[in-house]
Amino acid sequence: EPARDLIRVPRAGNNGRATNPFFVTFYDTIAGTLAGLEAREHTAQVSAEERKAREERFRNGQLPVLFCSPTMELGIDIASLNVVGMRNIPPTHANYAQRSGRAGRSDQPALVISYCSTGSAHDQYFFRRPTLMVSGKVHPPRLDLGNEDLVRSHVHAIWLAEAHMHLGRSLSDVLDVTGTPPTLELLAAKTDDLANPQARERAL
């Protein structure tokens, strides 16, 4: 009998739920041959240091399988990666292009497998119209330059990048969190980084 998610399906129907014959066959036959195959997760719940270590093991072929959240979607290049499996259809064409594009770098062939859930209208729509996702147009991002908060955050990001300021892993690495209540003032070393005239000139 299929397992039931008590959160999503609090009450089972009178007739129970049908099993998926593909997975029944898979677990009865092929799954047993995969015993001992190491796999790790690559998510925001994993520390940055551990993620980098897993990326390096994965890149070197020491870790054969990596289960990823969107943390792997951008900026990670695994040159020899040849298979990507997606547990659902990404929300947009841009997401699909980024995730599938992890494989097949340097003109190498790649296999991209996308699983379509029967319980997702989005997945089922593209299951019936796969070319709309695969060959859909990726629209460039649009920025409202009249949005002062958005422009300010970009300017601050450029300034921080040019100051080469290390932000650490928590607010306490940047702000003074001592005292009751804490002042939340920038630490002296961080203030010096931002006051650097060369950094200001580069940012400008």
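Residues numbered from 1 in each chain as written. Predicted model: local features only at pLDDT ≥ 70, side-chain atom pairs only at ≥ 80, totals over all residues. Heavy atoms only, no water.

K.L.:
Looking at this structure, how should I read unusual backbone geometry?
P.N.:
Peptide bonds are trans in most cases, and residues, glycine excluded, mostly fall at negative phi. Omega for the bond connecting Thr-180 with Pro-181 falls within 30 degrees of zero, at -5°, which places this linkage in the cis form. Unlike most non-glycine residues, Leu-184 shows phi in positive territory, near 60°. Note that Leu-184 resides in the loop between α6 (148–163) and α7 (188–195). Classification of Leu-184 by relative accessible area gives partly exposed; the value is 48%. (Helix = DSSP H or I, 4+ residues; strand = E, 2+ residues; numbered from the N terminus. Buried < 20%, exposed > 50% of the residue type's maximum accessible area, 1.4 Å probe, protein only.)

K.L.:
Explanation requested: the environment of Val-155 in the structure shown.
P.N.:
Within the fold, Val-155 resides in helix α6. In this structure the C-alpha to C-alpha distance between Val-155 and Leu-204, which are 49 residues apart in sequence, comes to 9.1 Å.

K.L.:
How do you make sense of the pairing of strand β3 (residues 83–86) when you look at a structure like this?
P.N.:
Across a regular strand the side chains alternate sides, sitting on one face of the sheet and then on the other. Because side chains alternate across β3, one face comprises the buried residues Val-84 and Met-86, and the other comprises Val-83 and Gly-85, none of which is buried. Pairing between β3 and strand β4 (residues 111–114): four bridges, direction parallel. Opposite Met-86, over in β4, you have Ser-114 as the bridge partner. In the classification by handedness, the crossover that spans β3, the intervening helix α3 (residues 93–100) and the parallel β4 is right-handed. (Pairing = 2+ DSSP bridges. Right-handed = clockwise from strand over helix to strand, strands pointing away.)

K.L.:
Would you mind going over the side chain of Lys-190 with me for this structure?
P.N.:
If you trace the backbone, Lys-190 turns up in helix α7. The side chain of Lys-190 sits in the buried core without any salt bridge; Asp-193 is the nearest counter-charge, 4.7 Å away. Excluding residues that lie within four positions of it along the chain, Lys-190 makes contacts with Met-165, His-166, Asp-173 and Val-174. (Lys, Arg positive; Asp, Glu negative; His and termini not counted. Salt bridge = Lys/Arg side-chain N within 4 Å of Asp/Glu carboxyl O. Contact = heavy atoms within 4.5 Å.)

K.L.:
Would you mind going over the pattern of salt bridges with me for this structure?
P.N.:
This model, assessed by the stated rule, comprises six salt bridges. A salt bridge links Glu-38 to Arg-40; the shortest N-O distance between them is 3.2 Å. The class for Glu-38 is partly exposed, based on a relative accessible area of 24%. The closest approach of N and O atoms between Arg-57 and Glu-38, which form a salt bridge, is 2.9 Å.

K.L.:
Just checking my understanding: could you explain the environment of Ala-203 for this structure?
P.N.:
Its place among the elements puts Ala-203 in helix α8 (residues 197–203). The exposure class assigned to Ala-203 is partly exposed, which follows from its relative accessible area of 27%. A C-alpha to C-alpha distance of 5.9 Å links Ala-203 and Glu-162, two positions 41 residues apart in sequence. What Ala-203 contacts, discounting residues up to four positions off in sequence, is Ile-158, Trp-159 and Glu-162.

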